[in-house]
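# Descriptive analysis of the structure
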Amino acid sequence: MSEAKPSGYSRPEAGAKHQNAGLDGPRSTLPQVSIVGLGRVGLPLALSFADKGLNVLGIDKDADLLASVGAGTMPFAETGADELLARVHASGRLELTDRVPDAARADSIVLTLGTPSFSHIEIDMRDIRSVLDDLLGVLRPGHQIVLRSTIAPGTTEFVAGYLERRRGLKPGEDVFVSHAPERIAAGRFLAEIDTLPCIVGGVGDASTDRAAQLFEVLGAPIVRTTPVQAELAKIWTNILRYATFALPNLLMMDCEQHGANVFEVIDLINRDYPRGGIAMPGLTAGTCLRKDFAFSEERSHAPGMLLAVSRVNESVPLFLVEGMKRRLGSLAGRKVAVLGLAFKRDTDDERDSLAHKLIRLLERELADVVAHDPHVRSVNASFEEAVSGAEVVVVATNHSEFSTALRAIGDAAAADCLVVDPWNAFGAAQVFAYASELATLTAR
Ligand SMILES: NC(=O)c1ccc[n+]([C@@H]2O[C@H](COP(=O)([O-])OP(=O)(O)OC[C@H]3O[C@@H](n4cnc5c(N)ncnc54)[C@H](O)[C@@H]3O)[C@@H](O)[C@H]2O)c1
């Protein structure tokens, strides 16, 4: 996070009345849309609305994040967002505050808050509940609330019912409530925001109309549906990906058991076969895939299947550690270089990355772990520090930089270092192989 001094946002004194300050200082213009939660979904969305000409009020409780955005510095990497922030900064159309009730200054309030899951298979809606409670006293007839966060089936109706019970505002008549799920992939936000169909499910047609009017300014086709179908469509978009990757991960483990090469089996399955194909193995997790299946599983009539999918993906780090031990014996005191900390290729997002689980498991084997990631900002070693003298090098994230790193590993790592590459980042088609073997294979 940048420590830069904000240009227009002022940090409120404790207990003091907060004065709104925009990127260009306090303004009187009424915002047309408030975005509550300026994280990886909310901030690019706020910038996109502002770029389309709307006056936007961005709200977050994280003072460092507000200071960074106010100073014109993206708090995380998102392709093209630095230029977009600079453009919006110059336009003066984004105002920032940490006061949730100020969201009511705009007719449209979009919630882009985090929705993790509890460990016992249940959505954690505490951020949404807390923001709704902050808004209860200031909502007035005519307001619309759009849930952009990923939510469990039934949550949109719950929010509508909550507002009616607590404030007497009739959904679809006094207050308009809808779900317009975010389905964009990290790093592709600006490439997809104006093309990916925008699903909109409102509580009543009038709610759907209002949300559609707001989001159509972004330029993507609007697909109208019911709230619960919008919720299910989003969750199952992610479940499909999560299950899709569990299959090659399970196959990778089966291949190890049978002494087979998973990449050769995958090639046999897919080569010139006209009815679909199997994906490649890897460390499958991340902030969305790891938890969204739980929103379906919490009320599933066929419980277990998705838990099994999760267990397959979650056991890949242990599978890799056991594979190392099968080849080297004890890992105690051995230097293990972990390449990649982000959960996804070429991003800086470490949330719910299995690289951290892998590191914890290796540390429990008393291995000396040194991690390197060229994208993330958390403290990590340089590539040279990580691989120098390493007895094991494991690719935990398939960042582009690693595809050409094999020779450097061969030069700097210990003689006959074990290379673990479940992603096939090096193109040698070996999950476990010694550096000397890989040099021969990739030289062919
Ligand atoms: N990250 C993705 O790629 C992605 C993609 C699609 C959908 N989603 C979904 O979108 C939602 C948001 O995800 P995200 O990755 O942007 O989360 P995030 O954690 O990056 O952002 C949430 C923001 O909300 C703020 N916040 C929390 N409580 C608040 C409060 N009471 N008042 C003001 N601000 C508050 C936090 O400080 C944070 O900045 C989640 O439901 C997620 O599942 C995420």
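For every chain, the first residue of the written sequence is number 1, and numbering continues from 1 along that sequence. This being a predicted model, a pLDDT of at least 70 is required before a residue's local features are given, and a value of 80 or more before pairs of side-chain atoms are given or counted; all residues contribute to the totals for chains, interfaces and linings. Remark: hydrogens and water are excluded; side-chain values derive from all non-hydrogen atoms of the structure.

The next point concerns the overall build of the protein. A run of H or I in DSSP becomes a helix once it reaches four residues, and a run of E becomes a strand once it reaches two; helices and strands are each numbered from the N terminus. Check the secondary structure of the protein and you find 16 helices and 16 strands. Taken over the C-alpha trace, the protein has a radius of gyration of 24 Å; the compact-globule value for 444 residues is 22 Å, and the two agree within 12%. C-alpha extents for the protein along the principal axes are approximately 70 × 50 × 40 Å. Here, residues are in contact when the closest pair of their heavy atoms is within 4.5 Å. Considering only contacts within the protein whose residues lie at least 6 apart along the sequence, 73% involve residues at least 24 apart. Only the protein chains shown count as covering a residue, and every accessible area follows the Shrake-Rupley method with a 1.4 Å probe. For the protein, the computed accessible surface area is about 19,400 Å², with 51% contributed by carbon and sulfur atoms. C-alpha atoms define the radius of gyration in this analysis, and the globule rule sets the expected value at 2.2 Å times the number of residues to the power 0.38.

Now for the side chain of Glu 192. Inspection of the secondary structure assignment puts Glu 192 in helix H6 (residues 189–192). Each residue touching Glu 192, except ones within four places of it in the same chain, is listed here: Ile 184 and Ala 185.

Time to look at the site of the ligand. Around the ligand, the structure places 24 residues, and the nearest of them are Val 41, Asp 60, Thr 115, Thr 150 and Lys 291. In protein, a polar contact means a hydrogen-donor-capable atom and an acceptor-capable atom, both N or O and within 3.5 Å, with residues adjacent in sequence counting only if both atoms are side-chain atoms; elsewhere, any N or O pair within 3.5 Å suffices. Asp 60 places a side-chain nitrogen or oxygen 2.6 Å from an oxygen atom of the ligand. Lys 291 is positioned such that a nitrogen or oxygen atom in its side chain is 2.6 Å from an oxygen atom of the ligand. Contact with the protein chains hides 87% of the accessible area of the ligand, taken as 830 Å² for the molecule alone. Throughout, the term near means that a residue has one or more heavy atoms lying within 4 Å of the molecule or strand in question.

This brings us to the packing of helix H4 (residues 126–136) against helix H5 (residues 155–167). Following both chains from N to C, one finds H4 and H5 inclined at 35°, their axes separated by 11 Å at the closest point. As H4 packs across H5, the resulting crossing turns out to be right-handed. Residues Arg 129, Leu 132, Asp 133 and Leu 136 of H4 form the contact with H5, whose own contacting residues are Phe 158, Val 159, Tyr 162, Leu 163, Arg 166 and Arg 167. The angle between two axes is taken between their N-to-C directions and runs from 0 to 180 degrees, where each axis is a line fitted to C-alpha atoms and a helix contributes only its stretch in contact. Handedness of a helix crossing follows the sense of rotation of the near helix relative to the far helix, less than a right angle counterclockwise being left-handed and clockwise being right-handed.

A sheet is described by the order of its strands in space; here five strands give the open sequence S13-S12-S14-S15-S16, paired in mixed fashion. The two strands at the open ends of the sheet, each matched to only one other strand, are strand S13 (368–372) and strand S16 (432–434). Ignoring strand direction, the axes of neighbouring strands in this sheet form an average angle of 20°. Bridge count between strand S12 (residues 335–339) and strand S14 (residues 392–395): four bridges; the pairing is parallel. By the bridge assignment, Leu 339 is partnered in S14 with Val 395. Strand pairing is defined by DSSP finding a minimum of two bridges between the two strands.

This part covers the pairing of strand S8 (residues 144–147). Along any regular strand, the residues point their side chains to alternate faces of the sheet. Where burial is concerned, the two faces of S8 agree: the one with Gln 144 and Val 146 and the one with Ile 145 and Leu 147 are both buried. Pairing geometry for strand S5 (residues 108–111) and S8, over four bridges, is parallel. For Ser 108, the partnering residue across the bridge sits in S8 and is Gln 144. Relative to strand S9 (residues 176–179), S8 is paired through four bridges, and the arrangement is parallel. Residue pairing in the sheet places Leu 147 in a bridge with His 179 of S9. Accessible area is worked out with a 1.4 Å probe on protein chains only. A residue is then buried under 20% of its type maximum, exposed over 50%, and partly exposed in between.

Take the pattern of salt bridges next. Here, a salt bridge means any side-chain nitrogen of Lys or Arg that lies within 4 Å of a carboxyl oxygen of Asp or Glu. Overall, the coordinates contain 23 salt bridges when judged by the stated rule. Two residues, Asp 267 and Arg 271, come together in a salt bridge whose shortest N-O distance is 2.6 Å. A salt bridge links Glu 314 to Lys 357; the nearest nitrogen and oxygen atoms lie 2.7 Å apart. Of the two residues, Glu 314 is situated in helix H11 (residues 305–314) and Lys 357 in helix H13 (residues 354–364); the sequence distance between them amounts to 43 residues. Look at Glu 314 and you get buried, because its relative accessible area is 16%. Here the salt bridges share partners, and the residues they tie into one network are Arg 40, Asp 348, Asp 349 and Arg 351.

Tracing the chain through its elements places His 356 in helix H13. Classification of His 356 by relative accessible area gives partly exposed; the value is 26%. Along the chain, His 356 and Val 223 lie 133 residues apart, while their C-alpha atoms are 38 Å from each other. Other than its neighbours up to four places away in sequence, His 356 contacts Leu 341 and Glu 350.

What follows is about the packing of aromatic side chains. Here is the rule: rings of Phe, Tyr and Trp (six-membered ring for Trp) pair when centre to centre is within 6.5 Å. Planes less than 30 degrees apart are stacked, more than 60 are edge-to-face, and the remainder are tilted. The final tally for this structure, using the stated rule, is four aromatic pairs. Measuring from ring centre to ring centre gives 5.4 Å for Phe 49 and Phe 215, while their planes differ by 65°; the resulting arrangement is edge-to-face. One end of the pair, Phe 49, is in helix H1 (residues 42–51); the other, Phe 215, is in helix H7 (residues 205–215), and 166 residues separate them in sequence. Of the two residues examined, Phe 49 and Phe 215, each falls in the buried class.

A separate point is a nonpolar patch on the surface. The patches described consist of residues with a relative accessible area above 30% and no salt bridge, like charges being joined within 9 Å and nonpolar side chains (Val, Leu, Ile, Met, Phe, Trp, Tyr) within 5 Å. There is a patch of nonpolar side chains on the surface, built from Val 228, Leu 232 and Trp 236 and spanning about 250 Å² of accessible area. Structurally, the position occupied by Trp 236 is in helix H8 (residues 227–258).

Once that is clear, we can look at the confidence of the model for the protein. The predicted structure's coordinates, where accompanied by low pLDDT, should not be read in detail. Scored from 0 to 100, pLDDT records how confident the predictor is in each individual residue. Averaged over all residues, the pLDDT of the protein is 93; the fraction at 70 or higher stands at 93%. For the stretch residues 1–21, pLDDT sits under 50, and the model shows 52 contacts to residues farther than four places along the chain or on other chains.

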